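Residue-level structural notes
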Amino acid sequence: MSPAGFNPSRAVDLSGIVAAAKAVPPPPGASYVIDVDEASFEAVLSQSVRYPVVLELNSPRANAQSLSDAMVELANEAGGAYLLGRVNVDASPQIAQAFGIQAVPAVIGVVGGQLAPLWQGTKTKEEAKSYIAQLLQAAAASGIVGRAEPVSIDADAGPDPRFAAADEALSSGDFAKAVEEFDKLLAASPNDPEAKAGRAQAALLARASVIDPGTVLARADAAPDDVDAQLAAADAELLGGATAQAFTRLIATIRNTAGAQREAVRVRLLELFETVGPADPAVAKARRDLMSALF
């Protein structure tokens, strides 16, 4: 199974994405993992009209505990971007039958009531994260950008104090301030992957909050030599789920520019790589294409 077969609408809904970013950060120790059986199955799937639902169908006999552990970690790290439902097919065989599942583990996404088969078999945490990231991008493109409520909260867990100021800025919708706070963290720890990713995401949201997607895409198509137009269009495409298109646009711009303009586009492309994450196959391909464009 592959998310490449999932063909969502390419409509861009930046307002929903920005609104989600302004939401209050999840409480420390929040869990977004729920056990699903035949009695709760329909109720859980019905939530997919508000936010994505990811179903992990498994069995104690499948010897896939490492995948299950990784799925729990990813769901809780996502902070409500989706709900993870775990199905024991031995206890709920009718759910497996309804999906036509012949072997477990199997992972299925549900967006707006529509099924998006992701994979069968085991995956590493990074591989699973990449598949789920594509599902979330597709959901955003379809306007499904709500956030799940925590299923439970571990009262003993505490927040990472390094990100307190940046989180506060994000929760208030002050994306420019969030960028400043991440810059402070990076000044002290230039290679901190969480700070780099957070900075890139905050910068993208700051830019996205002041553009109209339709307008910037039309402007870019009408003026292929306008570097600023291409940068804005790439932002709109990325937030609309067209990750590969955004990367291709900027790499083409790099090929057609020189000097300071080329460097500005290169730096922006690297920021977008941080936003998407290194595990995404589109990032790996774009990195190769970037090397070719530069050399």
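Basis of the calculations
Residues numbered from 1 in each chain as written. Predicted model: local features only at pLDDT ≥ 70, side-chain atom pairs only at ≥ 80, totals over all residues. Heavy atoms only, no water. Salt bridge = Lys/Arg side-chain N within 4 Å of Asp/Glu carboxyl O. Helix = DSSP H or I, 4+ residues; strand = E, 2+ residues; numbered from the N terminus. Buried < 20%, exposed > 50% of the residue type's maximum accessible area, 1.4 Å probe, protein only. Pairing = 2+ DSSP bridges. Axes fitted to C-alpha atoms, helices over the stretch in contact; angles between N-to-C directions. Contact = heavy atoms within 4.5 Å. Core = buried A, V, L, I, M, F, W, Y, C linked by side-chain atoms within 4.5 Å. Parallel < 35°, antiparallel > 145°, perpendicular 65-115°, else oblique. Left-handed = near helix turned anticlockwise from the far one by under 90°.

Topic: the pattern of salt bridges
Using the criterion set out here, one finds 17 salt bridges in the structure. The residue Glu-274 makes a salt bridge to Lys-196 at a minimum N-O spacing of 3.6 Å. Placement of Glu-274 in helix H12 (residues 259-276) and of Lys-196 in helix H8 (residues 193-208) is noted, with a sequence separation of 78 residues between them. Taking relative accessible area as the criterion, Glu-274 reaches 25% and is therefore assigned partly exposed. Ionic pairing is found between Asp-221 and Arg-249, a salt bridge with its closest N-O pair at 3.9 Å. Of this pair, Asp-221 sits in helix H9 (residues 213-222) while Arg-249 sits in helix H11 (residues 243-255), and the two are 28 residues apart along the sequence. When its relative accessible area of 57% is taken as the criterion, Asp-221 is described as exposed. Exposure remark for Arg-249: the relative accessible area of 15% places this residue in the buried category. The structure contains a network of salt bridges with shared partners spanning Asp-183, Arg-199, Arg-207, Asp-235, Arg-268 and Glu-271.

Some remarks on the sheet that holds strand E4 (residues 83-88)
Hydrogen bonds between backbone atoms are what pair the strands of a sheet, whose relative direction is either parallel or antiparallel. An order of E2-E4-E3-E5-E6 is seen for the five strands of this open sheet, with the pairing classed as mixed. A strand with exactly one partner marks an edge of an open sheet, and here the two such strands are strand E2 (33-36) and strand E6 (114-120). Neighbouring strand axes in the sheet, compared pairwise and without regard to direction, differ in orientation by 25° on average. Bridge count for E2 against E4 is four bridges, and the pairing is parallel. Within E4, the position partnered with Val-36 by the bridge is Val-87. The strands touched by helix H3 (residues 65-77) are E2, strand E3 (53-58), E4, strand E5 (106-111) and E6; relative to E4, the strand with the most contacts, the crossing angle is about 155°.

Concerning the nonpolar core
Soluble globular proteins tend to bury their nonpolar side chains together. Ranked by internal contacts, the top residues of the largest apolar core, which has 22 residues, are Leu-238, Phe-247, Leu-250, Leu-269, Leu-272 and Phe-273. When contributions to this core are tallied by element, the ones reaching two or more residues are H8, helix H10 (227-239), H11, H12 and helix H13 (281-294). The contact partners of Leu-269, leaving out residues within four places of it in the chain, are Phe-247, Leu-250, Ile-251, Ile-254 and Leu-290. Ranked by size, the runner-up nonpolar core spans 21 residues in total, among them Phe-41, Val-53, Leu-55 and Ile-95.

A look at the packing of H11 against H12
In the contact formed by H11 and H12, the axes pass within 9 Å of each other and the chain directions differ by 160°. The angle between the axes of H11 and H12 places the two elements in the roughly antiparallel class. The way H11 lies across H12 gives a crossing that is left-handed. Where H11 abuts H12, its residues Thr-243, Phe-247, Leu-250, Ile-251, Thr-253, Ile-254 and Arg-255 lie against Arg-262, Val-265, Arg-266, Arg-268, Leu-269, Leu-272, Phe-273 and Val-276.

These values are about where atoms sit, not about what they do.
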